[in-house]
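Structural description and commentary
Residues per chain, in single letters:
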Amino acid sequence: MALRHLSRPRDIVKRSTKKYLDEPLYHRLFKDGGSQVNVRQQLNQFLKGTKHVFKWEVGDTIKKLRSRGLYYPALKLSEVMEHRGMNKTVSDQAIHLDLVAKARGIAAGETYFVALPETSKTELTYASLLNCYCKELMTEKAEGLLNKMKELNITVSSMSYNSLMTLYTKTGQPERVPAMIQEMKAENVMPDSYTYNVWMRALAATEDVSGVERVIEEMNRDGRVAPDWTTYSNMASIYVDAGLSEKAEKALQELEMKNTDRDFKAYQFLITLYGRLGKLTEVYRIWRSLRLAMPKTSNVAYLNMIQVLVNLKDVPGAETLFKEWQANCSTYDIRVVNVMIGAYAREGFIEKANELKEKSPRRGGKLNAKTWELFMDYYVKSGDTAQALECITKAVSIGKGDGGKWLPSQETVRTLMSQFEEKKDVNGAENLVEILKKGTDDVAAETFESLIRTYAAAGKSHPAMRQRLKMEKVKVNEATEKLLDELCQEE
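Throughout what follows, the structure given in this document is the object of discussion. (Residues numbered from 1 in each chain as written. Predicted model: local features only at pLDDT ≥ 70, side-chain atom pairs only at ≥ 80, totals over all residues. Heavy atoms only, no water.)

Comments concerning the overall build of the chain
Along its length, the chain carries 27 helices and zero strands. Taken along its principal axes, the extent of the C-alpha atoms in the chain is 80 × 60 × 55 Å. Counting all 491 residues of the chain, 48% fall into the buried class. Pairs at least 24 apart in sequence give 62% of the contacts found in the chain among residues at least 6 apart. When the accessible surface of the chain is totalled, it reaches about 25900 Å², and 49% of it is carbon and sulfur. Charge-centre separation for the chain: the mean point of 73 positive side chains lies 8 Å from the mean point of 66 negative side chains. (Helix = DSSP H or I, 4+ residues; strand = E, 2+ residues; numbered from the N terminus. Buried < 20%, exposed > 50% of the residue type's maximum accessible area, 1.4 Å probe, protein only. Contact = heavy atoms within 4.5 Å. Areas by Shrake-Rupley, 256 points an atom, 1.4 Å probe, with all protein chains shown as cover. Lys, Arg positive; Asp, Glu negative; His and termini not counted. Charge placed at Lys NZ, Arg CZ, Asp CG, Glu CD.)

As for the packing of helix 4 (residues 71-83) against helix 5 (residues 90-104)
For any two helices packed against each other, the geometry is given by the interaxial angle and the distance between the axes. Here helix 4 crosses helix 5 at 135°, and the two axes come no closer than 9 Å. The orientation of helix 4 with respect to helix 5, classified from their angle, is oblique. Where helix 4 crosses over helix 5, the two elements pack in a sense that is left-handed. Contacts between helix 4 and helix 5 pair Tyr 71, Tyr 72, Ala 74, Leu 75, Ser 78 and Glu 79 from the former with His 96, Leu 99, Val 100, Lys 102, Ala 103 and Arg 104 from the latter. (Axes fitted to C-alpha atoms, helices over the stretch in contact; angles between N-to-C directions. Parallel < 35°, antiparallel > 145°, perpendicular 65-115°, else oblique. Left-handed = near helix turned anticlockwise from the far one by under 90°.)

Looking at the pattern of salt bridges
Evaluated as defined, the whole model comprises 32 salt bridges. As a salt-bridge pair, Glu 118 and Lys 121 come within 3.2 Å of each other at their nearest N and O atoms. Between Glu 430 and Arg 468 there is a salt bridge, and its shortest N-O distance comes to 2.8 Å. Within this pair, whereas Glu 430 is found in helix 24 (residues 426-439), its partner Arg 468 is found in helix 26 (residues 465-472), the two being separated by 38 residues in sequence. Residue Glu 430 is classed as buried on the basis of its relative accessible area, which comes to 14%. Among the charged side chains, a network of salt bridges with common partners joins Arg 66, Asp 98 and Lys 102. (Salt bridge = Lys/Arg side-chain N within 4 Å of Asp/Glu carboxyl O.)

As for the side chain of Glu 319
Residue position: Glu 319 is located in helix 18 (residues 315-328). Looking at Glu 319, the relative accessible area reads 16%, which means it is buried. Leaving out residues up to four positions away in the same chain, Glu 319 has contacts with Met 340, Tyr 344 and Lys 352.

Describing the environment of Asp 314
Of note, Asp 314 is situated in the loop between helix 17 (299-311) and helix 18. The spacing of Asp 314 and Leu 280 is 34 residues in sequence and 8.6 Å in space, taken between C-alpha atoms. Excluding residues that lie within four positions of it along the chain, Asp 314 makes contacts with Leu 280, Tyr 284 and Leu 309. Polar contacts involving the side chain of Asp 314 include one to the side chain of Tyr 284, which spans 2.6 Å. (Polar contact = N/O pair within 3.5 Å; in protein donor to acceptor, adjacent residues only side chain to side chain.)

Considering unusual backbone geometry
Phi is positive for Asn 153, which is not a glycine, with a value near 60°. Residue class for Asn 153 comes out exposed when judged on its relative accessible area of 70%. Positive phi is not limited to glycine here, since Glu 207 has a value of about 60°. Mapped onto the elements of the fold, Glu 207 is located in the loop between helix 11 (193-205) and helix 12 (209-222).

A look at the nonpolar core
Within the largest apolar cluster, 126 residues are counted, with the highest numbers of intra-cluster contacts made by Ile 306, Phe 322, Leu 432 and Met 465. With sequence-adjacent residues up to four places away left out, Leu 432 is seen in contact with Leu 389, Ile 392, Val 413, Leu 416, Met 417 and Phe 420. (Core = buried A, V, L, I, M, F, W, Y, C linked by side-chain atoms within 4.5 Å.)

Some thoughts on the side chain of Thr 447
In this fold, Thr 447 is placed in helix 25 (residues 445-458). Here Thr 447 is in contact with Gln 410, Val 413, Met 417, Val 433 and Leu 436, once residues within four sequence places are set aside.

Structure representation (structure tokens):
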């Protein structure tokens, strides 16, 4: 929900630098990079200062922060500016509601909505709350709110229908989408390109590819909404998933022709989808087009391209682009590094992977849980349990980027426990269990079963194992119960 007045041209150069910032606000906030920490620091410095900004510029900055998932600084900017006397339109309030729900949770978003004056409870704010429910996959509340909007004779736009249809596809109910489309038609609600895209994805989820093609035909017959590049990107992805390579290529050709505005995301989809088709030559051709359109190529563009090359087993090509990125990047994005570390590790070039790991911190790249997970995968595959445990320990201590806890997959745990069992390595198995307990209170029963088998294989007893299982609230299978009879005997 962009602020409607943002499209008007603004002249930042002409404003007085004595009173106003001498650069666009979003440039100021992103000057040290786009990470949550850096943006927050720059925002705090701006808010402590005395320089002014225009209201339209605040709205434009909030829009950019939202598009990057930086909800906390966007909400803080919105709140502080309102506190300083910047009046909010209903559109601004709808955006603020969305930010509150994303940054503080859906309950806080509901509280904000309830507290709005009745004059502000329009289609915009209702639609914003409905979208929040849909994002959180709260089907009952979303449907209830839509019904309330109808009872109050509040206009229900395509955006609200789109949110609910997206909810249905995400919750495994794509068969409900055609009925929503029919309701939109009955209510004379104008569809948009997103409506047609979500409709196509729903039909694809039910393996109705011919139905997807009929949607395109209906778009062309209707004429009110012309297929754009997103339509053909969606179509190509569906064809790729269905194994219809020729049709996918034709859709990608249409996508290219529709990308008259040289949209960055369109180039990204082209590279990814040509990569999924195994068309390496086309991947490089689109990359050259992207570089010509956008000479200052972003980290995200390099990340996507290098990942596609790695997927296509073109490691030398990936290396070349990686070195090019290293030479020109303004911020050393660990995600790009991780792609190369993963490629080297999978190919068995662990020395090269380790070299990148050692050099990255010196360039400002902060190793994350994914970095250690990639090394963990290599060591698990090669049977080096000691190194694998060290990697898991480091990944658990770092955690996920969003603040959540990181844990290895159950498949990885199963493989490692099997290796400990084979080696009769009780200490290793116990260490893994202890590491897992740092991240969860619910260690799987099969992990304890493998631990008990490891004790048995090593010929070691554990008199307190039954009590330990009881405390952990773990129930093991019958075969393991028999092992416990011997394991729990006093030595």
